[in-house]
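# A closer look at the structure
As a plain string of letters, each chain reads:
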Amino acid sequence: MNAVFPPSPESLARIAKSGDADVLSRTIIAPHLNRGRGAQSNQTSKFEPYSREAVDDGWGNLEALVSVKTNVRDEKSKSIITKNDSPDIHFDRSINPYRGCEHGCVYCFARPTHTYLGHSAGLDFERELYAKTNAADRLYEAWLNKKYSVKPIAIGTNTDPYQPIERDKKIMRALLEKFVAHKHPITITTKSSLIVRDLDLLTELAKQNLVHVTMSITSLDHILSRKLEPRASSPARRLEAVELLTAAGIPVSVAVAPIIPAINDAEIEKILAAASANGASGAAMIMLRLPGEVRQLFREWLLRHYPDRLRHVLNLVRDVRQGRENDPRFHSRMAGQGPYAFSLQRRFDLAVERYGMKKRLPHLRTDLFTPPKVEDPQLSLF
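Now for a description of the structure that goes with this document. This structure is a prediction, so every number in the text was calculated from the model and none was measured.

## Quick word on the packing of aromatic side chains
- By the definition in use, this model includes five aromatic pairs.
- Ring centres 5.4 Å apart and planes at 70° place the aromatic pair Trp143 and Phe369 in the edge-to-face group. Residue Trp143 is found in helix 4 (residues 135–144), and its partner Phe369 is found in the segment after helix 13 (339–354); the two are separated by 226 residues along the sequence. This pair shows no difference in class: Trp143 is buried, exactly as Phe369 is.
- Between Tyr148 and Phe369, the aromatic rings sit 5.9 Å apart at their centres with planes inclined by 55°, giving tilted as the arrangement. In this pair, Tyr148 is assigned in the loop between helix 4 and strand 6 (153–155) and Phe369 in the segment after helix 13, connecting sequence segments 221 residues apart.
- Site record: aromatic cluster; members linked through ring pairs are Trp143, Tyr148, Phe179 and Phe369.

Shown next, in the form of structure tokens:
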């Protein structure tokens, strides 16, 4: 249920002038009812036959209907490894221990996937979560297949495996135990300092060149970070995690992602400098993407936090997406095109060179994998 958050008259005037007035057509949740969340609305899934919206009838009970409590459902997955053939990413298989993500990053490209579950890509994505409690068992079963071919498995490419509920569920740790036992290569992407909890397992993998970790750092400004990624670790905690991982011999890369025009684009060099100083040896950058419902959710976020920049930010987004706010095509969706995108890429390249970082960490070993032994039900005669 939503309570209307009225923008200031100045914001309304700016938005009307920018031609983005449609951002006001949706019910936005009042700030005091939305603490610790990134999305500003919770529209019904596009696949639902009916649309629901709360309206204050004057009895003053609307606020009591609003709930921001996280709800976690245990889920039994039929399979756990997802494969892809995208030329834009360096892996062809991945695991996502959770569906939905409590970090609440407003820009998350995975938000639209929640609508397939009958939930909203807005607040529901952050509070209606699914935990794949049998992930480790399903991984073991996949490795039992005689046709299985070994390649690094990426974890954290859709939702964060170290989001807050991992403290209790420990699904990621159970998966890591399997990777260690069978010497299988793995790459991990996260923006949580919780990863240092598993230093013991990660260190064992690193000794045999079986793991890479990528720490995503969007901004060094803790105030901006809290607005963009309300329940993710602070920038300082992430840098501390980079230092601890590196000290343990684990190769660490930093992702400056996403780069949001006129919001965090001035921080590219600062983030890389801080990451390098804390031991990161690799780096990557990704331009902001606004697929599906993320487009409107990001506009609402701008309206709440940076109404004076809304027009400028969206114009720059269109500038790198050939006049659109999202470009789903391969080879351009991650980087963008045009002079502005080129200038950002050039700055990134120069900073990477300056700090002696690599754009990609060395390849992981695949020859050490020891498949699970299939138990033969046939008893021996001797």
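So much for the structure itself; the text now carries on.
## With respect to the sheet that holds strand 5 (residues 128–132)
- Spatial ordering of the open sheet is given by 1-5-4, a layout of three strands whose pairing is mixed. Edge positions in the open sheet fall to strand 1 (71–75) and strand 4 (98–99), since each of these has one partner strand only.
- The pairing of strand 4 with strand 5 spans two bridges and is antiparallel. In the strand pairing of strand 5, Tyr98 is matched with Ala131.

## So, the pattern of salt bridges
- The full count for this structure, using the stated rule, is 23 salt bridges.
- The residue Asp198 makes a salt bridge to Arg197 at a minimum N-O spacing of 3.0 Å.
- Classification of Asp198 as buried rests on a relative accessible area of 0%.
- Put simply, Glu325 and Arg318 hold a salt bridge, and the shortest N to O gap is 2.8 Å.
- Through salt bridges with shared partners, a single network forms among Glu166, Arg173, Arg197, Asp198 and Asp200.

Conventions we followed
Residues numbered from 1 in each chain as written. Predicted model: local features only at pLDDT ≥ 70, side-chain atom pairs only at ≥ 80, totals over all residues. Heavy atoms only, no water. Phe/Tyr/Trp six-rings, centres within 6.5 Å; stacked < 30°, edge-to-face > 60°. Helix = DSSP H or I, 4+ residues; strand = E, 2+ residues; numbered from the N terminus. Buried < 20%, exposed > 50% of the residue type's maximum accessible area, 1.4 Å probe, protein only. Pairing = 2+ DSSP bridges. Salt bridge = Lys/Arg side-chain N within 4 Å of Asp/Glu carboxyl O.

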